[in-house]
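Understanding the architecture of this molecule
The residues making up each chain are set out below.
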Amino acid sequence: LLRSYEQQMASLRFSLLSMLGLEDNGQVTIGTIPEPDLAAIDAIDFQTDLQKAIGNSSSVQSARHANAGTTAQIQEKFKTVAQAEGNAQAEITASYEQLMAQKVTYQAAQEAYQGRLLEYQSLQRKRQAGMVGEADYLQGEADYLEALAAKETASMSLYQAYESYRWEVKGVG
């Protein structure tokens, strides 16, 4: 089983480095994704970010700077600008809502993980004392690893949602 995981890890490493156009010469270190910054997420001022995102949107800027000479062109420009602003508002709002949903998922996964960690630590002590069978121990270990995987997945998803939101505010998303 360990050999299988090592082969899978080597394959994933090769695939990732190939996608990035890097040669696997042993000097490349693949690190973990940092934990999400909950303080920064909690400090978000959505109304301020909404205005920034609309102002930074390339489609809004393009619509605002379009030439309009006749009255009909000016009226069409106003419609185009309003539509672009509405689209930008919808996009940043959706990004914010996704961020908040991922935050809730992350917090739930964190709590579930903490509970499983305590259970697993207790199970390890029971195993050392000979108070638990192998099957029960392996089931407990599997439950712990499942909670750990869920926490890590939620962490990555929240980090990605936060980065996407930040890029949306900057007008790059």
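A short tour of the structure in this document, coming up. (Residues numbered from 1 in each chain as written. Predicted model: local features only at pLDDT ≥ 70, side-chain atom pairs only at ≥ 80, totals over all residues. Heavy atoms only, no water.)

1. Let's talk about the overall build of the protein chain
A count of helices and strands for the protein chain gives six helices and zero strands. Start at the N end of the protein chain and walk to the C end: the helices and strands fall as α-α-α-α-α-α. In terms of overall dimensions, the protein chain has a C-alpha envelope of 85 × 40 × 20 Å along the principal axes. Within the protein chain, the proportion of its 173 residues that are buried is 23%. (Helix = DSSP H or I, 4+ residues; strand = E, 2+ residues; numbered from the N terminus. Buried < 20%, exposed > 50% of the residue type's maximum accessible area, 1.4 Å probe, protein only.)

2. Focus on the nonpolar core
One finds Ile41, Ile44, Ile92, Leu99 and Tyr165 to be the most contacted residues of the largest nonpolar core, which totals 21 residues. Put simply, the parts of the chain that give this core at least two residues each are helix 3 (46-56), helix 4 (58-64), helix 5 (71-128) and helix 6 (134-170). The greatest single-element share of this core, amounting to seven residues, is contributed by helix 5. Judged by nonpolar contacts, the second largest core, of six residues, contains Tyr113, Leu117, Tyr120 and Tyr144. (Core = buried A, V, L, I, M, F, W, Y, C linked by side-chain atoms within 4.5 Å.)

3. A short note on the packing of helix 3 against helix 5
Put simply, helix 3 and helix 5 touch, their axes get as near as 9 Å, and they point 135° apart. It follows that helix 3 is oblique to helix 5 by the angle criterion. Regarding helix 3 and helix 5, the two cross each other, and that crossing is right-handed. Mapping the contact onto sequence places Phe46, Leu50, Ala53 and Ile54 in helix 3 and Glu85, Ala88, Gln89, Ile92, Thr93 and Tyr96 in helix 5. Classifying every residue of the contact of helix 3 with helix 5 gives seven nonpolar, two polar and one charged. (Axes fitted to C-alpha atoms, helices over the stretch in contact; angles between N-to-C directions. Parallel < 35°, antiparallel > 145°, perpendicular 65-115°, else oblique. Left-handed = near helix turned anticlockwise from the far one by under 90°. Contact = heavy atoms within 4.5 Å. Nonpolar A, V, L, I, M, F, W, Y, C, P; charged D, E, K, R; others polar.)

4. Details of helix 6
With 37 residues, helix 6 extends 54 Å between its outermost C-alpha atoms, agreeing within 8% with the 54 Å of an ideal straight helix rising 1.5 Å per residue. Of the residues one or two after helix 6, Gly171 is the one with positive phi, at around 85°. (Expected span 1.5 Å × (residues − 1).)

5. Side note on a nonpolar patch on the surface
Taken together, the side chains of Leu16, Met19, Leu20, Leu22 and Ile30 present a nonpolar region at the surface, about 490 Å² in accessible area. If you trace the backbone, Met19 turns up in helix 1 (residues 2-20). (Patch = residues over 30% accessible without salt bridge, like charges linked within 9 Å, V, L, I, M, F, W, Y side chains within 5 Å. Areas by Shrake-Rupley, 256 points an atom, 1.4 Å probe, with all protein chains shown as cover. Salt bridge = Lys/Arg side-chain N within 4 Å of Asp/Glu carboxyl O.)

6. Some remarks on the pattern of salt bridges
Tallied over the full model, the rule gives eight salt bridges. Between Asp42 and Lys103 there is a salt bridge whose closest N-O contact spans 2.3 Å. One end of the pair, Asp42, is in helix 2 (residues 38-42); the other, Lys103, is in helix 5, with 61 residues separating them in the sequence. Under the relative-accessibility criterion, Lys103 is labelled buried at 15%. Among the ionic pairs, Glu119 bridges to Arg116, the shortest N-O distance being 3.1 Å. Pair noted here: Glu119 and Arg116 are both in helix 5, with a separation of three residues, about one helical turn. A relative accessible area of 47% means that Glu119 is categorised as partly exposed. Note on Arg116: relative accessible area 32%, which makes it partly exposed.

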